[in-house]
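# Summary of the model geometry
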Amino acid sequence: MKKIFALFLASALSGSLAAQTEVRNYTPGITDNGITYFLPKTALRFTVTAVRRHYTPGEYCLYAERFLRLKDAVQVERDEWEIKTVEMTPYGVADKSKAYTIRLVPKTSAPLAALADDGRLLAVNKDAPEEEPLPMAAVIPGTDNNLNGAKYKTEEILSAGNLTKMAELTAAEIYDIRENRSLLTKGQADFMPKDGEQLKLMLNSLETQETALLQLFAGTMREETHVATFDFVPTGEAADSILFRFSRHLGFVDVDDLAGKPYRVSVTDLKTLPAEVIDPKAKAKKEVDDLRYMVPGRAEVKLCADNAELLSQTLPIAQFGRVEHLGGDLFNKKYTTRVTLSPVTGGIVRVEAEEPK
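Here we summarise the structure given alongside this text. (Residues numbered from 1 in each chain as written. Predicted model: local features only at pLDDT ≥ 70, side-chain atom pairs only at ≥ 80, totals over all residues. Heavy atoms only, no water.)

## With respect to the pairing of strand β15 (residues 348-354)
On a regular strand, one side chain projects to one face of the sheet and the next to the other, so that they alternate. The following threshold applies: Two strands form a pair only when DSSP identifies at least two bridges running between them. Where helices and strands are cited, they refer to DSSP runs of H or I of at least four residues and of E of at least two residues respectively, numbered from the N terminus.
Sheet analysis places strand β14 (residues 336-341) next to β15, joined by 6 bridges and oriented antiparallel. Its bridge partner lying in β15, threonine 336 is registered against glutamate 354. If you look at the hairpin formed by β14 and β15, you'll find 6 residues sitting between the two strands, and glycine 346 has a positive phi there, around 80 degrees.

## Here we look at the layout of surface pockets
Going by this rule: Only protein atoms enter the 1 Å grid, on which a cavity is a set of points fitting a 1.4 Å probe that cannot get out and a pocket is an open set with protein on both sides within 12 Å along at least 5 of 7 lines, lining residues being those with an atom within 4 Å of a point. Grid points are joined across faces, edges and corners, and a volume is the space filled by probe spheres set on the points. Under the scheme applied here, ten amino acids are nonpolar (Ala, Val, Leu, Ile, Met, Phe, Trp, Tyr, Cys and Pro), four are charged (Asp, Glu, Lys and Arg), and all others, including Gly, are polar.
Here the largest pocket defines a volume of roughly 310 Å³. Along its surface, the largest pocket is lined by 17 residues, and Glu130, Glu131, Glu132, Pro343 and Val344 are the ones closest to its centre. Elements that contribute at least two residues to the lining of the largest pocket include exactly β4 (78-103) and β14. Residue contributions to the lining of the largest pocket peak at 4 residues, all from β4. In the lining of the largest pocket, the residues fall into 10 nonpolar, 3 polar and 4 charged.

## A closer look at the packing of helix α3 (residues 163-186) against helix α4 (residues 196-218)
Two numbers describe a pair of packed helices, the interaxial angle and the distance between the axes. The criterion, for reference: Between N-to-C directions, angles cover 0 to 180 degrees, with each direction set by a line fitted to C-alpha atoms, over the stretch in contact for helices. Throughout this description, any angle smaller than 35 degrees is read as roughly parallel, any larger than 145 degrees as roughly antiparallel, any in the 65 to 115 degree range as roughly perpendicular, and the remainder as oblique. In this scheme the handedness of a crossing depends on how the near helix is turned from the far one: anticlockwise by less than a right angle means left-handed, clockwise means right-handed. Here, two residues are considered to be in contact whenever any of their heavy atoms come within 4.5 Å of each other.
At a minimum axis separation of 10 Å, α3 and α4 run at an interaxial angle of 155 degrees. In terms of orientation, α3 lies roughly antiparallel with respect to α4. As for how α3 packs across α4, the hand of that crossing is left-handed. Here Ala167, Thr170, Ala171, Glu173, Ile174, Ile177, Arg178, Asn180, Arg181, Leu184 and Thr185 of α3 lie close against α4, whose contacting residues are Leu199, Met202, Leu203, Leu206, Glu207, Gln209, Glu210, Leu213, Leu214, Leu216 and Phe217. A class-by-class count of the residues in the contact of α3 with α4 yields 13 nonpolar, 4 polar and 5 charged.

## Regarding the nonpolar core
In a soluble, globular protein the nonpolar side chains are often hidden away together inside. Short version of the rule: By nonpolar core is meant a set of buried Ala, Val, Leu, Ile, Met, Phe, Trp, Tyr and Cys residues that side-chain atoms within 4.5 Å join together. Each residue gets one of three labels from its accessible area relative to the maximum for its type: buried under 20%, exposed over 50%, partly exposed in between, using a 1.4 Å probe on protein chains only.
Formed by 26 residues in total, the largest nonpolar core has its most connected members in Phe46, Ile83, Phe232, Leu243, Phe244, Val301 and Leu303. Where this core is concerned, the elements lending two or more residues are β3 (34-56), β4, β8 (220-232), β9 (238-247), β11 (261-269), β12 (291-305) and β13 (308-326). Those residues within four positions of phenylalanine 46 in sequence are excluded, and the remaining contacts are Glu87, Met88, Ala228, Thr229, Phe230, Phe232, Leu243, Val265, Val301, Leu303 and Leu311. Of all hydrophobic cores here, the second largest spans 20 residues; its members include Ile157, Ile174, Leu213 and Phe217.

## Considering the pattern of salt bridges
Formally: By definition here, a salt bridge exists when the distance from a side-chain nitrogen of Lys or Arg to a carboxyl oxygen of Asp or Glu is within 4 Å.
This model, assessed by the stated rule, comprises 21 salt bridges. Two residues, glutamate 65 and lysine 71, come together in a salt bridge whose shortest N-O distance is 3.1 Å. Residue classification places glutamate 65 among the partly exposed residues on the basis of a relative accessible area of 41%. Note that arginine 350 is salt-bridged to glutamate 352, the shortest N-O span being 3.6 Å. Owing to a relative accessible area of 21%, glutamate 352 belongs among the partly exposed residues under this scheme.

## Remarks on unusual backbone geometry
Unusually for a residue other than glycine, asparagine 125 sits at a positive phi of about 65 degrees. Assignment of secondary structure puts asparagine 125 in the loop between β6 (121-124) and β7 (138-141). You will see that aspartate 240, though not glycine, has its phi angle at about 55 degrees, which is positive. Mapped onto the elements, aspartate 240 comes out in strand β9. Accessibility expressed as a relative area gives 46% for aspartate 240, which makes it partly exposed.

What follows is the structure in C-alpha cells.
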C-alpha cells in the first residue's frame, strides 16, 4: 500500500485559487500538483476446492474376482474428480473510468493519502487497514497409504511360471495371513506372543502384509486436493455467464472445452438505492470540487450447474451504486478530517472530523 503526503508551498501556487482542497476529474496526460486516485469497482473471486482421485490397477487385477471375489477392483487407470466446496470473496480493483486528482491550494491542510498499489484511495489522514490476502490456487497432496506389494511376495510366488499362477499363490498367501491373524486373536496360534504389546505388533505386521498383497489385486488410489480460483468482474447484470467448466474425469478444463460441464454465474442488481430525482426546471449547479466516494448498491450473486444452486450471496457492489461528494470544507485549517474508505466498494467506512485545539 502506498502512502503519499501532499504538501505544496503557497508560493508555488497561484494566489487566485480558492482556499479549499480541489478534487477534479483526472485527464491522462495532464500533469497537476496533486494526488491522482481511483475509486474501485467490485470484483469477485470464486475459490473452488476439488478432490482428484487417481486409480491405478494392480498387477493381478484380472484375477481379483476369480481368486478373491473382489468385484470392484480397479481395471483401468483413471482419474475421478469431485468438487467439495465453492466460496466467493469480493475484492476491489481500480476503476480507471473513475479517476480523480486531489490538488492542494493555499490555507488548506495537507492530507496524507493512503493508496492501494493500483491507485485506489483507501484512507485520508490516517493509515488504512491492510487488505486481506485473496485465496490463491494450490495443489495439496494427500496422504499416500499405498504399499509396495512386491516387497511381500514369497519365494514361491516369485518363482511361479506365469502371471495366473503368481496371482493364485498370492491369493493363497492372503488367506494364510487372515487365518494366522484369526488364530492370534483367538489365542490359538502355535506361537503366541508373551504380552499384549507384542501381540499388537504381530497383528499390525500381518495387516500391513495383507493390505500390500491385496493392492496387487484391488489396485491403488492416490488423492490430492486442487484449489482453483476464477475471477469475475460484473459490468452490469449478468445471466448465466460461464465462469468455468469441470469434468468428472478431467477436472478443470477450458471454458470452450465441451468435455466439461459449465458452471454459470448470475448477477442481479437488487436496486436498493433510491433513484435520483432531478428537477428539469432547476438551474444546473456548478460541479463541486471535493472528495469523491462510492455509495454501492446491493446485488445477488449465484453460481449454478445443471439447475442446481451451489452458491447464493447478497453483497454490496460498487458498479450498481453511484459516485457522491464529501464536502470540501472538511479539509481546511479548521478541521483535521480522517476518512476511511472500503477497498472493495469505495464506500465510506468512517469519517472523523476534529477541530484543532
